[in-house]
Amino acid sequence: MLNIVQISKEFGRGDQAQTAVQNVSLTLQKNEIFALVGESGSGKSTLAEIVIGLQQPTSGSIVWQEEAGLNWGKGRSRTRKRMSPWKVQMIFQNPDRSLNPYWKVKDIVSEPLVLQQVSRAEAGIMAAELLERVKLPLSLMEKSPSECSGGQKQRIAIARALMMAPSLLIADEITSALDPSTEEEILNLLRSLKDEHQMAILYITHRLESISGFADRMAVMKAGTIVEEGTVERVLSNSQNTYTRDLIKACFYV
Ligand SMILES: Nc1ncnc2c1ncn2[C@@H]1O[C@H](COP(=O)(O)OP(=O)(O)OP(=O)(O)O)[C@@H](O)[C@H]1O
Ligand SMILES: [Mg+2]
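All figures in this text were calculated on a predicted structure; none of them were measured in a lab.

Colleague: Mind showing me how you'd approach the pattern of salt bridges here?
Modeller: Should their charged atoms come close, side chains of opposite charge can pair. As enumerated under the stated definition, the model contains 14 salt bridges in all. What you see here is one network of salt bridges that share partners, running through Glu32, Arg217 and Glu229.

Following this line, the structure appears as structure tokens:
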């Protein structure tokens, strides 16, 4: 669905210039879970922000494949740069910064539809449905995020993202602040939602141990470049790269 083509991103100029992403190319398929792993500062979030359009790359391009069934008219190229014909949603690491603390959960989850001129009553019904789908009690509807646990807050963020029926969901370190059992619940939830909603997930994490049995394919980033890419099964069992092998050792044998 998406080709990331030789993307580079530099921050700052002259002596201060720093390359956050360097010549990265990746392809994301429909309905797959793609894990992007790598240590802190390796450029994962920057790449994700470029994909969703929050940042402009210094060079390279993001090429969206035409969505099946969408008619761009005769003679249009099969691919379309910049604007995505697919809906993309992103969930961030810190729900306290992405969820408005003064709003009720029902308004937070309803907001994307209300912004699209759907009536509050109708959006509220959808919000209740999505809360159920992310396995949250309906009693949370009238509460504020401060009354919810960390895991609940990330489920609220997931529900809000699903309101837009995205074809690609980008999840950037969304389980980093959660305990391992809550993390596992969230990953199971994402996996079943992916099947129900037929969406692709770009899952960003520095925790390699969490992606086995969850993601389909993966790429390992180091200092802005992709050092290895493949199916999760292949990379975890038979990595061809010393850096990846060190990362695996550090994650699995502490
Ligand atoms: N807005 C910015 N201005 C200047 N430098 C930035 C900016 N955003 C990121 N960087 C730098 O780019 C590099 C990559 O950062 P990025 O946030 O993409 O890493 P990351 O892999 O997501 O790390 P983490 O796992 O800690 O979230 C880092 O060296 C960071 O300091
Ligand atoms: Mg990051």
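Read on, since the account is not over.
Colleague: Help me out: how do you make sense of the confidence of the model for the protein in this one?
Modeller: The predicted coordinates should not be examined in detail at positions where pLDDT is low. Summary statistics for the protein give a mean pLDDT of 90 and a share of 92% for residues scoring 70 or more. When the elements of the protein are averaged for pLDDT, strand S5 (residues 79-81) gives the smallest value, 51, and strand S9 (residues 217-222) the largest, 98. Across residues 71-75, confidence stays below pLDDT 50; counting only partners more than four residues off in sequence or on other chains, it has three contacts.

Colleague: How should the site of ligand 1 be read in this particular structure?
Modeller: Around ligand 1, the neighbouring residues are Phe11, Gln18, Ala20, Glu39, Ser40, Gly41, Ser42, Gly43, Lys44, Ser45, Thr46 and Glu173. The contact in question runs from an oxygen atom of ligand 1 to an N or O atom on the backbone of Gly41, over 2.8 Å. A distance of 3.2 Å separates an oxygen atom of ligand 1 from a polar backbone atom of Ser42. Expressed as a share of its isolated accessible area of 640 Å², the protein-covered part of ligand 1 is 62%. For the shell around ligand 1, the element with the highest residue contribution is helix H1 (residues 44-52), accounting for three residues.

Colleague: Just to check I follow, could you spell out the sheet that holds strand S3 (residues 33-38) for this structure?
Modeller: Across a sheet, paired strands are connected by hydrogen bonds in the backbone, their directions being either parallel or antiparallel. With mixed pairing, the six strands of this open sheet are ordered in space as S6-S7-S8-S3-S9-S10. A strand with exactly one partner marks an edge of an open sheet, and here the two such strands are strand S6 (88-91) and strand S10 (225-231). If you compare each strand with its neighbour and ignore which way they point, the axes differ by 15° on average. By the bridge criterion, five bridges tie S3 to S9 in an arrangement that is parallel. Residue pairing in the sheet places Ala35 in a bridge with Met218 of S9.

Colleague: Explain the packing of aromatic side chains here, please?
Modeller: Each aromatic ring pair is described using two quantities: the centre-to-centre distance and the angle formed by the ring planes. If you walk through the whole model with that rule in mind, you get one aromatic pair. Summarising the aromatic geometry, the rings of Tyr203 and Phe214 are spaced 4.9 Å apart at their centres and angled 75° between planes, so their arrangement reads as edge-to-face. Remark: Phe214 occurs in the loop between strand S8 (200-205) and S9 and Tyr203 occurs in strand S8; sequence separation between them is 11 residues. Per residue, the accessibility class of Tyr203 equals that of Phe214, and both read buried.

Colleague: What's the story with the packing of helix H3 (residues 105-114) against helix H4 (residues 120-133) in this structure? I'm lost.
Modeller: Helices that pack against each other are described as a pair by the angle of their axes relative to one another and the distance between those axes. Between H3 and H4, whose axes approach to 8 Å, the crossing angle comes to 115°. For the pair H3 and H4, the sense of crossing is right-handed. Residue-level inspection shows Val105, Lys106, Asp107, Val109, Ser110, Leu113 and Val114 of H3 in contact with H4, the latter providing Arg120, Ala123, Gly124, Met126, Ala127 and Leu131. When the residues that make up the contact of H3 with H4 are grouped by side-chain class, the tally is eight nonpolar, two polar and three charged.

Colleague: Looking at this model, I keep getting lost on the layout of surface pockets. Mind explaining?
Modeller: Over the atoms, a rolled probe matching the size of one water molecule traces out where space is still vacant. Each pocket or cavity is described by its volume, and for the second largest pocket that value is around 230 Å³. In terms of lining residues, the second largest pocket is bounded by 14 residues, among which Gln89, Met90, Pro112, Arg160 and Ala161 are the most central. Residue assignment for the lining of the second largest pocket shows that the elements contributing at least two residues are S6, H3 and helix H5 (150-162). Residues belonging to the lining of the second largest pocket are distributed by class as follows: nine nonpolar, three polar and two charged.

Colleague: Help me understand the packing of H5 against helix H6 (residues 180-197), please; the structure alone is not making it clear to me.
Modeller: Relative orientation of the contacting elements H5 and H6 amounts to 15°, with a least axis distance of 11 Å. Judged by the inter-axis angle, H5 sits roughly parallel to H6. Here H5 runs over H6; the crossing is right-handed. Between H5 and H6, the residues in contact are Gly151, Gln154, Arg155, Ile158 and Leu162 and Thr182, Glu185, Ile186, Leu189, Leu190, Leu193 and His197, respectively. Split by residue class, the contact of H5 with H6 holds six nonpolar, four polar and two charged.

Colleague: Hey, could you run me through H3 in this one?
Modeller: Note: α-helices contain 3.6 residues per turn, so residues at a spacing of three or four share the same orientation. Considered for burial, the residues of H3 that qualify are Val105, Ile108, Val109, Ser110, Pro112 and Leu113. For H3, the secondary structure elements touched by its buried residues are H4 and H5.

Reading the values: rules and limits
- Residues numbered from 1 in each chain as written.
- Chains lettered and ligands numbered in written order.
- Predicted model: local features only at pLDDT ≥ 70, side-chain atom pairs only at ≥ 80, totals over all residues.
- Heavy atoms only, no water.
- Salt bridge = Lys/Arg side-chain N within 4 Å of Asp/Glu carboxyl O.
- pLDDT = per-residue confidence, 0-100.
- Helix = DSSP H or I, 4+ residues; strand = E, 2+ residues; numbered from the N terminus.
- Contact = heavy atoms within 4.5 Å.
- Near = heavy atom within 4 Å.
- Polar contact = N/O pair within 3.5 Å; in protein donor to acceptor, adjacent residues only side chain to side chain.
- Areas by Shrake-Rupley, 256 points an atom, 1.4 Å probe, with all protein chains shown as cover.
- Pairing = 2+ DSSP bridges.
- Axes fitted to C-alpha atoms, helices over the stretch in contact; angles between N-to-C directions.
- Phe/Tyr/Trp six-rings, centres within 6.5 Å; stacked < 30°, edge-to-face > 60°.
- Buried < 20%, exposed > 50% of the residue type's maximum accessible area, 1.4 Å probe, protein only.
- Left-handed = near helix turned anticlockwise from the far one by under 90°.
- Nonpolar A, V, L, I, M, F, W, Y, C, P; charged D, E, K, R; others polar.
- 1 Å grid on protein atoms, 1.4 Å probe; cavity = no way out; pocket = protein on both sides within 12 Å on 5 of 7 lines; lining within 4 Å.
- Points joined across faces, edges and corners; volume = space filled by probe spheres on them.
- Parallel < 35°, antiparallel > 145°, perpendicular 65-115°, else oblique.

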